[in-house]
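# Architecture and fold: a report
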2 protein chains.
Amino acid sequence: MPARTPLDADIILAATEEILRRHGPDKATVVDVARALGVSHAAVYKHFASKQALREAVTRRWLDRTRDTLAVIAADRAVPPAQRLRAWLHAVLAGKQAKIREAPELFAAYGILAAAHSTVATDHVADLLGQLTAIIADGAADGGFRTGDAEATARAVFHATVRFHHLAHAGEWQNPGIDTDLDDVCSLLLEGLQAPASP
Amino acid sequence: MPARTPLDADIILAATEEILRRHGPDKATVVDVARALGVSHAAVYKHFASKQALREAVTRRWLDRTRDTLAVIAADRAVPPAQRLRAWLHAVLAGKQAKIREAPELFAAYGILAAAHSTVATDHVADLLGQLTAIIADGAADGGFRTGDAEATARAVFHATVRFHHLAHAGEWQNPGIDTDLDDVCSLLLEGLQAPASP
């Protein structure tokens, strides 16, 4: 029972990510990961029941890596909701820009996995939408934002900022004007959110 | 000099599109098009100096197919700018949805060509941005929209509606809720455009 280094899910996922970085998504299988760790397939299967489960877990871990930073921004009630909304949207973009800069090949590999494992991507979006809804609900509660349905408004804001967070637009995130572009969209959306009832 | 059917650019482009529809972008070459028309390569080269020129022209024709319909909506001063902006954005989406519905394989082929010939795509976007700027300038002139720079505002509106016109999101355009989603984004943007100066 006692092993030299106890094999846990974290060790397996770190090894899987290293394989993704070096060889892309095709080689990210239980067999390859077990070989890289020098353990039996069975040992890895004990933590991840299938190739599918392993790939979902590693993708989820990657997508959620910036989630806590974002959650802190979303929940920081010391910052007025309008300012918080803008900061949060910029942080979403900055997190993705950093991921590309640090490891472009890993970003590409995860892009393929996120597209293939749509439940993981859907959960990630739901999580981000929850954070956005919380900011907008705070703005509605303090009277700064005019909305009867924070969740619907959060969806509209999320859809209106797709260019700044959807992987399909990753090629545009290194454009020199991208932060200004996001700022302009934020300003327009905030004007809409903060508008008094129209005549 | 007189031929049985005079070969013109339109005939060549129609034949090129037929090849795209049946075989995809790889076969859309001067040689293949000449063969399909039963003419010499030289006859086609007289109209399109290279494979590149032929592909750009056919892509431009496809991208611009709905442009006149959109231009009419953009220029219709009988319709108030706010209503016109919403109608125009819906027409952009509807035009693309119709293209997919009518010929999905052609849509895919043109998507590849548009990505490969970025000047054509850039010109198309510039044309759409010009129409959008005209609507917004009309709204600024009649006092309905508050903007000092119609072109910058048009860019922000275009960026905020990327999900509803960028080819990367084509897979989402058949979602049952897509028109409502666009409507919600339009409403938020219009609230922002129509807002009185914020306190």
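Parameters and conventions
- Residues numbered from 1 in each chain as written.
- Chains lettered and ligands numbered in written order.
- Predicted model: local features only at pLDDT ≥ 70, side-chain atom pairs only at ≥ 80, totals over all residues.
- Heavy atoms only, no water.
- Contact = heavy atoms within 4.5 Å.
- Buried area = accessible area lost by both parts, 1.4 Å probe.
- Helix = DSSP H or I, 4+ residues; strand = E, 2+ residues; numbered from the N terminus.
- Nonpolar A, V, L, I, M, F, W, Y, C, P; charged D, E, K, R; others polar.
- Phe/Tyr/Trp six-rings, centres within 6.5 Å; stacked < 30°, edge-to-face > 60°.
- Buried < 20%, exposed > 50% of the residue type's maximum accessible area, 1.4 Å probe, protein only.
- UniProt positions renumbered as here; feature names shortened; annotations may be inferred.
- Axes fitted to C-alpha atoms, helices over the stretch in contact; angles between N-to-C directions.
- Parallel < 35°, antiparallel > 145°, perpendicular 65-115°, else oblique.
- Left-handed = near helix turned anticlockwise from the far one by under 90°.

As recorded in an unreviewed UniProt entry, chain A goes by AcrR family transcriptional regulator and comes from Nonomuraea roseoviolacea subsp. carminata.

Moving on, we get to the interface of chain A and chain B. Taken together, the 23 residues of chain A in the interface contact 24 residues of chain B. Regarding the contact of chain A and chain B, the summed buried area is about 1900 Å², with carbon and sulfur atoms giving 66% of it. Among the residues of chain A in contact with chain B, His159, Leu188 and Glu191 of chain A are the three that bury the most area, contributing 29% of the side total. When contributions to the side of chain A that touches chain B are tallied by element, the ones reaching two or more residues are helix H9 (150-160) and helix H10 (178-194) of chain A. Here the side of chain A that touches chain B gets eight residues from one element, more than from any other, and that element is H10 of chain A. Each residue belonging to the side of chain A that touches chain B can be placed in one class, and the counts come to 11 nonpolar, five polar and seven charged.

All names here are of chain A. Scanning the entire structure with this criterion turns up six aromatic pairs over all chains. Centre to centre, the rings of Trp62 and Phe107 are 5.5 Å apart; their planes meet at 70 degrees, and the pair counts as edge-to-face. One end of the pair, Trp62, is in helix H4 (residues 51-63); the other, Phe107, is in helix H7 (residues 104-116), and 45 residues separate them in sequence. Neither residue differs from the other here; Trp62 and Phe107 are each classed as buried. Between Phe107 and Trp173, the ring centres sit 6.3 Å apart and the planes meet at 80 degrees, which makes this aromatic pair edge-to-face. Of this pair, Phe107 sits in helix H7 while Trp173 sits in the loop between H9 and H10; the two residues are 66 residues apart in sequence, bridging distant segments of the chain. Here the aromatic cluster, defined as three or more aromatic residues joined through ring pairs, consists of Trp62, Phe107, Tyr110 and Trp173.

Let's shift gears to helix H2 (residues 30-37) of chain B. For H2 of chain B, the complete set of buried residues consists of Val30, Asp32, Val33 and Ala34 of chain B. On the buried face of H2 of chain B, the contacting elements are helix H1 (9-23), helix H3 (41-45) and helix H4 (51-63) of chain B.

Attention now moves to the UniProt feature "DNA-binding region" (unreviewed entry) in chain A. Taking the numbering used here, the UniProt-annotated feature "DNA-binding region" (unreviewed entry) corresponds to residues 29-48 of chain A. For residues 29-48 of chain A, helix accounts for 65% and strand for 0%, while the C-alpha atoms at its two ends are 11 Å apart.

As a further point, take the packing of H4 of chain B against helix H7 (residues 104-116) of chain B. All names here are of chain B. At a minimum axis separation of 10 Å, H4 and H7 run at an interaxial angle of 120 degrees. Viewed along their axes, H4 and H7 adopt a mutual orientation that is oblique. As H4 packs across H7, the resulting crossing turns out to be left-handed. Each of Arg55, Val58, Thr59 and Trp62 in H4 lies in contact with H7, whose residues at this interface are Phe107, Tyr110, Leu113 and Ala114. Here the residues of the contact of H4 with H7 sort into six nonpolar, one polar and one charged.

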